[in-house]
Amino acid sequence: MKDASCDNGSPAPLLTAVYAESQVHLIVGGNPLAAARCAKSIEAGAKPVIIAPDTGDLHFSLSEHIENGSVQWVRREFQDDDLKTLGREEVDHVVDTVFITLGGSHPLSTHISKLCRRLRIPVNVSDAPELCTFSLLSTYSDGPLHIGITTSGRGCKLASRLRREISSSLPSNLGAAIDRLGAVRRRLWAEDHAAGLCTASLEGDEDDFTGQSHTFNKLVTEDDVSAAKTRRIRWLSQICEYWPLQKLAAISDADIDAILQAYSSGKNNLDSTNGVGHLQKKGKIVLAGSGPGHPDMLTRATYNAIQNADIILADKLVPEPVLKLIPRRTEVHIARKFPGNADQAQEEFLQMGLDSLRRGRYVLRLKQGDPYLYGRGGEEFEFFRGEGYTPIVLPGITSALSASLFAEIPATHRGVSDQVLICTGTGRKGAAPEPPTYVPTQTVVFLMALHRLSALVESLTTLPQEGSRPRTPWPKDTPCAIIERASCADQRVIRSTLENVCLAFEAEGSRPPGLLVVGASCHILHPHKDEKWTVEEGFRGLDDLRNEIVPENDQKHD
């Protein structure tokens, strides 16, 4: 529902899907943003043309596209005639779309924007909404399904998170299900058309913008001949409207054959209640690990502590799906830790926990991963015990070992890796710790390291400074992987080598929390290819497992 209090009087944008195959997209600039725009254009089937002088600082990914012929590079500054001479012949050489990546303060940005508006060429200027006639959406694609999110330039990267939240809530294989249902519709139309039951074209009602008509649920009687002719198509629309998305996404070819022989479907209406009772614990503190991210990775003991605590003091990196398990009645505080404020935030939590204990409350100190693995758990245990409250410590599945598992990287592998080393990338007061020496049969996991990845990789691959402890530098071709949001639906794995991992991280951006795994075991199950890096998006193994178990439990209630 639209909130009138947030209405600034500006009209809502008209969101459209542009089919850009074979179009010419003019991209002004050679920076990383130009590379991102170029990649999007190629993905959409367009032909990007880069206009940038040959100054030697062209983004590396643009250079690769130019070398393989997927991008044309005009090696000079922009000229006004470029808008009317670099396009397709069928549109009199006028370019189809213009992306300006120079920023709104650059004089060329305003000039080119005015020219494009005069020629009615869609134009997008980075960081200057007032100079744009369109903006790019944060998109999610699954086969024929495409979802776009925009915050109209005001969301401070929130659109990307909203897109991930929406896409992770959708069932897997939904795109394939849409293809199957489309095939059913075409089959029904062809059969009905051959039988003379319908004369309308197939694509007559395929506008995604429109909803169901006012006659969608109208009773079809035997006397209503026109409606009876389209009964099967109407019935398929009912399935699309009323079946649960999980059921639609799981539809198979066998299901298709079965539903073509029926005109109704049953739906289970199961009542679910949350009868978790409140059991107050007096003067008790629990230090618990929340695991790598997915709520199914919580131990039962930690889950019970979440349900029964009076106050929860949670780390900043405890993921939202875990926080959603907290009952509404429970007081919750999230650590206000940011660079330069970690010690003050830690002290604030210690005092808050102590004050609650003295009031006889049940305190849960909820940490990411495991409390004793770079989680200050030992320090907190010592503090509270010194104040007369000995904590109960509950272990958590640490991402240091589980993240590599979810990324299909065996931490140890016979004949390849016989030891695992867990390191921090950030020492006390933010100092850089001394890097480990190279051991060919060792897998090293670096936690809290991605914010200083370049410095870490440089220290690993170069000889130690004079006077430092002797160590062997790591070869630059050593396999490695960045694993972010491990076990969650929006998990991402970037597989690369120490030579290219910094470029990969720069190009793909950050999705905290994350860690770095280094060692030969990174390429055991995913052998190295010719690419400098590969990116794997998403992880639904735990959700799919849950969805397989739930129907069996539901059947017991039938």
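- Under an unreviewed UniProt entry, the protein has the name Tetrapyrrole methylase and belongs to Aspergillus pseudonomiae.
- Within the UniProt record for the protein, the comment given under Sequence similarities (unreviewed entry) is "Belongs to the precorrin methyltransferase family."
- Under the UniProt heading Function (unreviewed entry), the entry covering the protein gives this text: "Siroheme synthase involved in methionine biosynthesis."

Points about the packing of helix 13 (residues 342-358) against helix 14 (residues 377-386)
Next, step 1: Running from amino to carboxyl end, helix 13 crosses helix 14 at an angle of 40 degrees, the nearest separation of the two axes being 11 Å. Crossing of helix 13 against helix 14: the hand is right-handed. Mapping the contact onto sequence places Gln346, Leu350, Gln351, Gly353, Leu354 and Leu357 in helix 13 and Glu380, Phe383 and Phe384 in helix 14.
Next, step 2: Its residues assigned to classes, the contact of helix 13 with helix 14 comprises 5 nonpolar, 3 polar and 1 charged.

Points about the sheet that holds strand 17 (residues 514-518)
Next, step 1: Taken in spatial order, the 6 strands of this open sheet run 13-14-17-15-16-18, and their pairing is mixed. Only two strands of the sheet have a single partner each, and these edge strands are strand 13 (419-424) and strand 18 (534-537). Ignoring which end each strand starts from, the neighbouring axes of this sheet average 20 degrees apart.
Next, step 2: Running at roughly 75 degrees to strand 17, helix 15 (residues 399-406) makes contact with strand 13, strand 14 (442-447), strand 15 (479-484) and strand 17 of the sheet.

Comments concerning the pattern of salt bridges
It is possible for side chains bearing opposite charge to pair when their charged atoms get close.
Next, step 1: Taken as a whole and assessed by the stated rule, the structure comprises 21 salt bridges.
Next, step 2: Its salt-bridge partner being Glu348, residue Arg336 comes within 2.2 Å of it at the nearest N-O pair. Separated by 12 residues along the polypeptide, Arg336 in the loop between strand 10 (331-334) and helix 13 and Glu348 in helix 13 bring together distant segments of the chain.
Next, step 3: Salt bridges sharing partners connect three or more residues here, namely Asp315, Arg365, Lys367 and Glu380.

Details of the environment of Leu503
Next, step 1: Within the secondary structure, Leu503 is located in helix 17 (residues 501-508).
Next, step 2: Residues within four places of Leu503 in sequence aside, it is in contact with Phe60 and Trp533.

Notes on helix 15
Next, step 1: Buried residues dominate helix 15, accounting for 6 of its 8 residues.
Next, step 2: Residues Ser399, Ala400, Ser402, Ala403, Ser404 and Phe406 constitute the buried set of helix 15.
Next, step 3: Capping the start of helix 15, Thr398 holds a side-chain oxygen 3.0 Å from the backbone nitrogen of Ala400, two or three residues further along.
Next, step 4: At the C-terminal side of helix 15, Glu408 shows a positive phi close to 60 degrees.

Considering the confidence of the model for the protein
Next, step 1: Here the protein shows a mean pLDDT of 85. Residues at 70 or above account for 85%.
Next, step 2: Here helix 7 (residues 225-229) stands out as the least confident element of the protein, with mean pLDDT 52; strand 4 (residues 97-100) is the most confident, with 98.

Examining the sheet that holds strand 5 (residues 123-125)
Next, step 1: Here 5 strands make up an open sheet; going across it, the order is 3-2-1-4-5 and the pairing parallel. Each edge of the sheet is formed by a strand with only one pairing partner; in this case those strands are strand 3 (72-74) and strand 5. The average undirected angle you get between the axes of adjacent strands in this sheet is 20 degrees.
Next, step 2: In terms of strand pairing, strand 1 (residues 24-28) meets strand 4 through 4 bridges, oriented parallel. By the bridge assignment, His25 is partnered in strand 4 with Thr97.
Next, step 3: Packed onto the sheet, helix 1 (residues 32-43) meets strand 1, strand 2 (47-51), strand 4 and strand 5 and runs at close to 175 degrees relative to strand 1.

Focus on the packing of aromatic side chains
Next, step 1: Under the defined criterion, the tally for this structure stands at 5 aromatic pairs.
Next, step 2: Ring centres of Phe60 and Trp533 lie 5.7 Å apart, and the angle between their planes is 70 degrees; on these two criteria the pair is classed as edge-to-face. Of this pair, Phe60 sits in helix 2 (residues 60-67) while Trp533 sits in the loop between strand 17 and strand 18, placing them 473 residues apart in sequence. Pair check on accessibility: Phe60 and Trp533 agree, each one buried.
Next, step 3: Aromatic pair Phe383 and Phe384: ring centres 5.1 Å apart, planes at 80 degrees, arrangement edge-to-face.
Next, step 4: Using a relative accessible area of 21% as the deciding quantity, one classes Phe383 as partly exposed.
Next, step 5: Across from the ring centre of Trp243, 4.2 Å away, lies the NZ or CZ of Lys247, which sits over that ring.
Next, step 6: Here Lys284 stacks its cationic end above the ring of Tyr362, 5.8 Å away from the centre of that ring.

Things to note about unusual backbone geometry
Next, step 1: Residue Pro512 is joined to Pro513 through a cis peptide bond whose omega torsion reads 0 degrees.
Next, step 2: Within the secondary structure, Pro513 is located in the loop between helix 17 and strand 17.
Next, step 3: Not every positive phi belongs to a glycine, and Asn173 is a case in point at roughly 70 degrees.
Next, step 4: Tracing the backbone shows Asn173 in the loop between helix 5 (158-169) and helix 6 (174-194).

Observations concerning the environment of Arg485
Next, step 1: Inspection of the secondary structure puts Arg485 in the loop between strand 15 and strand 16 (492-497).
Next, step 2: Here Arg485 falls in the buried class, since its relative accessible area comes to 17%.
Next, step 3: As a C-alpha pair, Arg485 and Leu515 span 30 residues in sequence and 9.1 Å in three-dimensional space.
Next, step 4: Filtering out sequence-adjacent residues up to four positions away, Arg485 remains in contact with Arg164, Asp490, Gln491, Arg511, Pro512 and Pro513.

Let's talk about helix 1
Next, step 1: An ideal rise of 1.5 Å per residue puts 16 Å on 12 residues; helix 1 measures up with 17 Å between its terminal C-alpha atoms.
Next, step 2: Restricting attention to buried positions, one finds in helix 1 the residues Ala34, Ala35, Arg37, Cys38 and Ser41. Along helix 1, the residues classed as buried sweep out an arc of 165 degrees about the axis, all on the same side.
Next, step 3: In this structure, the buried residues of helix 1 make contact with strand 1, strand 2, helix 2, strand 4 and strand 5.

Some remarks on the packing of helix 16 (residues 453-461) against helix 17
Next, step 1: Running from amino to carboxyl end, helix 16 crosses helix 17 at an angle of 170 degrees, the nearest separation of the two axes being 10 Å. Classified by the angle between their axes, helix 16 and helix 17 sit roughly antiparallel to one another. Residues Leu453, Ser454 and Val457 of helix 16 touch helix 17, and the partners they reach there are Val501, Cys502 and Phe505.
Next, step 2: By residue class, the composition of the contact of helix 16 with helix 17 is 5 nonpolar, 1 polar and no charged.

Calculation criteria
For every chain, the first residue of the written sequence is number 1, and numbering continues from 1 along that sequence. Owing to the predicted nature of the model, reporting of local features is limited to residues with pLDDT of at least 70; listing and counting of side-chain atom pairs is limited to 80 or more, with chain, interface and lining totals taken over all residues. Each side-chain value is worked out from all heavy atoms of the structure, with water and hydrogens disregarded. UniProt positions are given in the numbering used here, feature names are shortened, and annotations may be inferred rather than shown by experiment. Axis lines are fitted to C-alpha atoms, over the contacting stretch for helices. Their N-to-C directions set the angle, which ranges from 0 to 180 degrees. What counts as a helix is a DSSP run of H or I of at least four residues, what counts as a strand is a run of E of at least two, and both are numbered from the N terminus. By the definition used in this description, the sense in which the near helix is turned from the far one sets the handedness, with an anticlockwise turn below a right angle giving left-handed and a clockwise turn giving right-handed. Throughout, a contact is declared for two residues whenever any of their heavy atoms are within 4.5 Å. For this classification, the nonpolar set comprises Ala, Val, Leu, Ile, Met, Phe, Trp, Tyr, Cys and Pro, the charged set comprises Asp, Glu, Lys and Arg, and every other residue, Gly included, is treated as polar. Only when DSSP finds a minimum of two bridges between them are two strands counted as paired. When a carboxyl oxygen of Asp or Glu lies within 4 Å of a side-chain nitrogen of Lys or Arg, that pair is called a salt bridge. When accessible area is computed with a 1.4 Å probe and restricted to protein chains, residues below 20% of their type maximum are described as buried, those above 50% as exposed, and intermediate ones as partly exposed. In protein, a polar contact requires one atom able to donate a hydrogen and another able to accept it; more generally it is a pair of N or O atoms within 3.5 Å, and residues adjacent in sequence count only if both atoms are side-chain atoms. Each residue gets a pLDDT score, which is the predictor's confidence in that residue and runs from 0 to 100. Each Phe, Tyr or Trp ring (for Trp, its six-membered ring) is paired with any other whose centre lies within 6.5 Å, and the angle between the two planes then decides the class: stacked below 30 degrees, edge-to-face above 60, tilted in between. Both a distance and an angle decide whether a charge sits over a ring: NZ of Lys or CZ of Arg must be within 6 Å of the ring centre and within 35 degrees of the ring normal. The span expected for a helix works out to 1.5 Å for each residue beyond the first. To be clear, the arc concerns the directions from the helix axis to the C-beta atoms. Convention used here: angles under 35 degrees read as roughly parallel, angles over 145 as roughly antiparallel, angles from 65 to 115 as roughly perpendicular, and any remaining angle as oblique.

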